[in-house]
Amino acid sequence: MTEGQSLAQTLHFWFRIQGQNWEDGFPPSPDETAWISQALAAARHGSLARSQECILHAILRDQAPPADAGDYSLDSFRRDLSAFHARYLDDH
């Protein structure tokens, strides 16, 4: 397993926990939600390092998310997580 694959698995695990909490009625805070959307967008554009950075900001709550983060729904999260899985974890 490469370092990139290991990072992808770790990030996916964290995203899955967040998604399960959200589905169980414990959604992330608005700032956490914004960082999650930024993290999945970064991964969609091929930057796992930026995705990891966004997750760390969500966990540490050390920075406000970018103003253009916008609204992000559970359905959008599910779609983006599925795309993340397909890009980074399927057949790897």
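Just so we're clear, the structure is a prediction, and the values are computed from it rather than from any experiment.

Reading the values: rules and limits
- Each chain carries its own residue numbering, running from 1 in the direction its sequence is written.
- For this predicted model, a pLDDT threshold of at least 70 governs which residues receive local features, and a threshold of 80 or more governs which side-chain atom pairs are given and counted, while totals over whole chains, interfaces and linings are taken from all residues.
- Calculated side-chain values reflect all of the structure's heavy atoms, with hydrogen atoms and water omitted.
- By convention in these notes, a salt bridge is any Lys or Arg side-chain nitrogen within 4 Å of a carboxyl oxygen on Asp or Glu.
- In this text, helices come from DSSP runs of H or I with a minimum length of four residues, and strands from runs of E with a minimum of two, each type numbered from the N-terminal end.
- Burial here depends on accessible area, computed with a 1.4 Å probe over protein chains only, as a share of the maximum for the residue type. Under 20% is buried, over 50% is exposed, and the range in between is partly exposed.
- Residue count minus one, scaled by 1.5 Å, sets the expected span of a helix.
- By definition, residues are in contact when any of their heavy atoms lie within 4.5 Å.

Enquirer: Account for the pattern of salt bridges, with residues named and values stated.
Expert: A complete count under the given rule lists 6 salt bridges for this structure. Between Arg78 and Asp75 there is a salt bridge, and its shortest N-O distance comes to 2.9 Å. Of this pair, Arg78 and Asp75 both sit in helix H4 (residues 74–88), 3 residues apart, which is roughly one turn of the helix. Judged by relative accessible area, Arg78 falls into the partly exposed class, the value being 39%. According to the relative accessible area criterion, Asp75 is exposed, its value standing at 54%.

Enquirer: Go over helix H2 (residues 30–44), please, and point to the residues and values.
Expert: Across its 15 residues, H2 extends 21 Å between first and last C-alpha, which sits within 8% of the 21 Å expected from 1.5 Å per residue. Considered for burial, the residues of H2 that qualify are Glu32, Thr33, Ala34, Trp35, Ile36, Ser37, Gln38, Ala39, Leu40, Ala41, Ala42 and Ala43. Tucked inside the fold, the buried residues of H2 contact helix H1 (3–23), helix H3 (48–60) and H4. Gly46, located one to two residues past H2, shows a positive phi value of around 90 degrees.

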